[in-house]
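# Architecture and fold: a report
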Amino acid sequence: MSEKTRNQEELFIQLLEKADNLLTHLGGSSVQSSSVVLDDYIAFRWRAQNGSGHLIPVKHPNLVGLSDLIGIERQEERLDRNTRQFLQCLPANHVLLWGDRGTGKSSLVKGMLARYADDGLRLIGISKEGLVHLQEIAEVLWERPERYILFCDDLAFNEDEPEYRELKAMLEGGISACPDNVLIYATSNRRHLMPRQVQENRYPQNDEDELYPREATEEKVSLSDRFGLRLAFHRISQDTYLQIVSHYAQKHGLSIPREALHRAALEWEASSSGRSGRVAYQFVADLAGGLALESNTQKT
């Protein structure tokens, strides 16, 4: 081997050692910076990047007032009790909130943060793509004194997506344990989080189907079964819808006759995607904004 080639090899080895040391340093800095961030905020997002990820603080979290959530008192009571058990280091369950859109599922979870942040509750929002990092997130939180809810909003899977198996393992049955200070609260429009076909309820099916179709169906429902507490949210009644409208109108200080307010609210609902608390809020926001704009125009 020539002297030139030997020198090139030594230089290459030195560069590899420097790169390894740099990666080790960056990894340690990431954990340290995560601890600093966790000390100063109550809500976070997990941002996946280049095969890994890190926590991003939410400087202005959406702290929902639970008094604004009308018509879901039973669900609120059950989620509140589970959250209090968790905060007191008592046995508590992972929770799946499923049902119709706009019925308060996400708001109820955020309302728990508003109610119990001073008691050590923290919220970390995780997208579906971030679920592959669940164990990495768990390691960051393991020794922390706070109690963390990993919030997976509007969750749904297809059969070929790897994230759903990562979630199954985290909920129950994985090699790595789930920290005692971590729970998963997920919302979904689907009860079982995965699409199912009508033909799956017929046994036997046609000759081209899977040999053991019941096993495939069991696989689809097994994920939701790993949530110990499953809360259903259904379309609200017209009376509840109008009650929510009146509540938000009062909060905005609107002095409109009740009959006229409700008539306009029903007209708004008829042209929307359906009756829900979200639709009621959107109606009142539009009405309050329009009246304020008209008043400002008249003043000028």
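Here the structure is a predicted model, which is why all the values come from computation and not from measurement.

Reading guide: rules and limits
Residues numbered from 1 in each chain as written. Predicted model: local features only at pLDDT ≥ 70, side-chain atom pairs only at ≥ 80, totals over all residues. Heavy atoms only, no water. Helix = DSSP H or I, 4+ residues; strand = E, 2+ residues; numbered from the N terminus. Buried < 20%, exposed > 50% of the residue type's maximum accessible area, 1.4 Å probe, protein only. Contact = heavy atoms within 4.5 Å. Areas by Shrake-Rupley, 256 points an atom, 1.4 Å probe, with all protein chains shown as cover. Axes fitted to C-alpha atoms, helices over the stretch in contact; angles between N-to-C directions. Parallel < 35°, antiparallel > 145°, perpendicular 65-115°, else oblique. Left-handed = near helix turned anticlockwise from the far one by under 90°. Nonpolar A, V, L, I, M, F, W, Y, C, P; charged D, E, K, R; others polar. Salt bridge = Lys/Arg side-chain N within 4 Å of Asp/Glu carboxyl O. Phe/Tyr/Trp six-rings, centres within 6.5 Å; stacked < 30°, edge-to-face > 60°. 1 Å grid on protein atoms, 1.4 Å probe; cavity = no way out; pocket = protein on both sides within 12 Å on 5 of 7 lines; lining within 4 Å. Points joined across faces, edges and corners; volume = space filled by probe spheres on them. Core = buried A, V, L, I, M, F, W, Y, C linked by side-chain atoms within 4.5 Å. Expected span 1.5 Å × (residues − 1). Polar contact = N/O pair within 3.5 Å; in protein donor to acceptor, adjacent residues only side chain to side chain. pLDDT = per-residue confidence, 0-100.

On to the overall build of the protein, then. Of the regular secondary structure elements, the protein holds nine helices and seven strands. In the protein, which comprises 300 residues, the proportion classed as buried is 39%. Taking as baseline every contact in the protein between residues at least 6 positions apart, the subset at least 24 positions apart corresponds to 77%. For the protein, the exposed area adds up to about 17,600 Å²; of that, 48% sits on carbon and sulfur atoms.

Turning our attention to the packing of helix H2 (residues 73-87) against helix H3 (residues 105-116). Following both chains from N to C, one finds H2 and H3 inclined at 50 degrees, their axes separated by 11 Å at the closest point. As the angle between them shows, H2 and H3 are arranged oblique. The two elements H2 and H3 cross, and the hand of that crossing is right-handed. The segment H2 lies against H3, with Gln-75, Glu-76, Leu-79, Asp-80, Thr-83, Arg-84 and Leu-87 engaging Leu-108, Val-109, Met-112, Arg-115 and Tyr-116. Counted by class, the contact of H2 with H3 contains six nonpolar, two polar and four charged residues.

A word on the pattern of salt bridges. Oppositely charged side chains may form a pair once their charged atoms are brought near each other. Considering all chains together, one arrives at eight salt bridges under this definition. Note that Arg-144 and Asp-39 form a salt bridge whose closest N and O atoms lie 2.6 Å from each other. One end of the pair, Arg-144, is in the loop between helix H4 (134-141) and strand E5 (147-152); the other, Asp-39, is in helix H1 (residues 3-40), with 105 residues separating them in the sequence. Put simply, Glu-259 and Arg-263 hold a salt bridge, and the shortest N to O gap is 3.9 Å. Linking Glu-259 with Arg-263, this pair stays in helix H8 (residues 258-270), spanning four residues, or about one helical turn.

Attention now goes to the packing of aromatic side chains. In this structure the tally under the stated criterion is two aromatic pairs. Measuring from ring centre to ring centre gives 5.2 Å for Tyr-248 and Tyr-281, while their planes differ by 75 degrees; the resulting arrangement is edge-to-face. Of the two residues, Tyr-248 is situated in helix H7 (residues 238-251) and Tyr-281 in helix H9 (residues 277-299); the sequence distance between them amounts to 33 residues. By relative accessible area, Tyr-248 is classed as buried at 12%.

Once that is clear, we can look at the layout of surface pockets. If a probe as big as a water molecule is rolled over the atoms, it shows which places are left empty. Of the volumes computed, that of the largest pocket is approximately 580 Å³. A per-element tally of the lining of the largest pocket places H3 first, with four residues. Taken together, the residues of the lining of the largest pocket sort by class into eight nonpolar, 10 polar and seven charged.

We now examine the nonpolar core. Counting residues in hydrophobic clusters, the biggest one holds 28 residues, and the most contacted among them are Ile-124, Ile-126, Leu-131, Leu-141, Leu-150, Leu-167 and Ile-184. Of all the secondary-structure elements, those providing two or more residues to this core are H1, strand E1 (43-49), strand E3 (95-99), H4, E5, helix H5 (163-171) and strand E6 (182-188). Top element by residues in this core is H4. It accounts for four residues. With sequence-adjacent residues up to four places away left out, Leu-131 is seen in contact with Ile-126, Cys-152, Leu-155, Phe-157, Glu-163, Glu-166 and Leu-167. Core analysis: the next-biggest nonpolar cluster, separate from the first, contains 26 residues, Ala-43, Leu-69, Val-109 and Met-112 among them.

In this section: H7. Its 14 residues place the ends of H7 20 Å apart at the C-alpha level, agreeing with the 20 Å of an ideal helix rising 1.5 Å per residue. Among the residues making up H7, those that are buried are Thr-240, Tyr-241, Leu-242, Ile-244, Val-245, His-247, Tyr-248 and Ala-249. As for H7, its buried residues are in contact with H8 and H9.

Mapped onto the fold, Ser-188 is located in strand E6. Look at Ser-188 and you get buried, because its relative accessible area is 1%. A distance of 2.5 Å separates the side chain of Ser-188 from the backbone oxygen of Leu-155, its partner in a polar contact.

Per-residue pLDDT for the protein averages 82, and the proportion of residues at 70 or more is 75%. Confidence drops under a pLDDT of 50 for residues 20-33, and excluding neighbours within four residues, the segment shows zero contacts in the predicted structure. Counted against residues more than four places away or in other chains, residues 196-203, with its pLDDT under 50, gives 11 contacts.

Let's shift gears to unusual backbone geometry. Notably, Cys-89 is not glycine yet its phi reads approximately 60 degrees, a positive angle. Among the secondary structure elements, Cys-89 is positioned in the loop between H2 and E3. One non-glycine residue, Asp-154, lies in the positive phi region at around 55 degrees. Assignment of secondary structure puts Asp-154 in the loop between E5 and H5.

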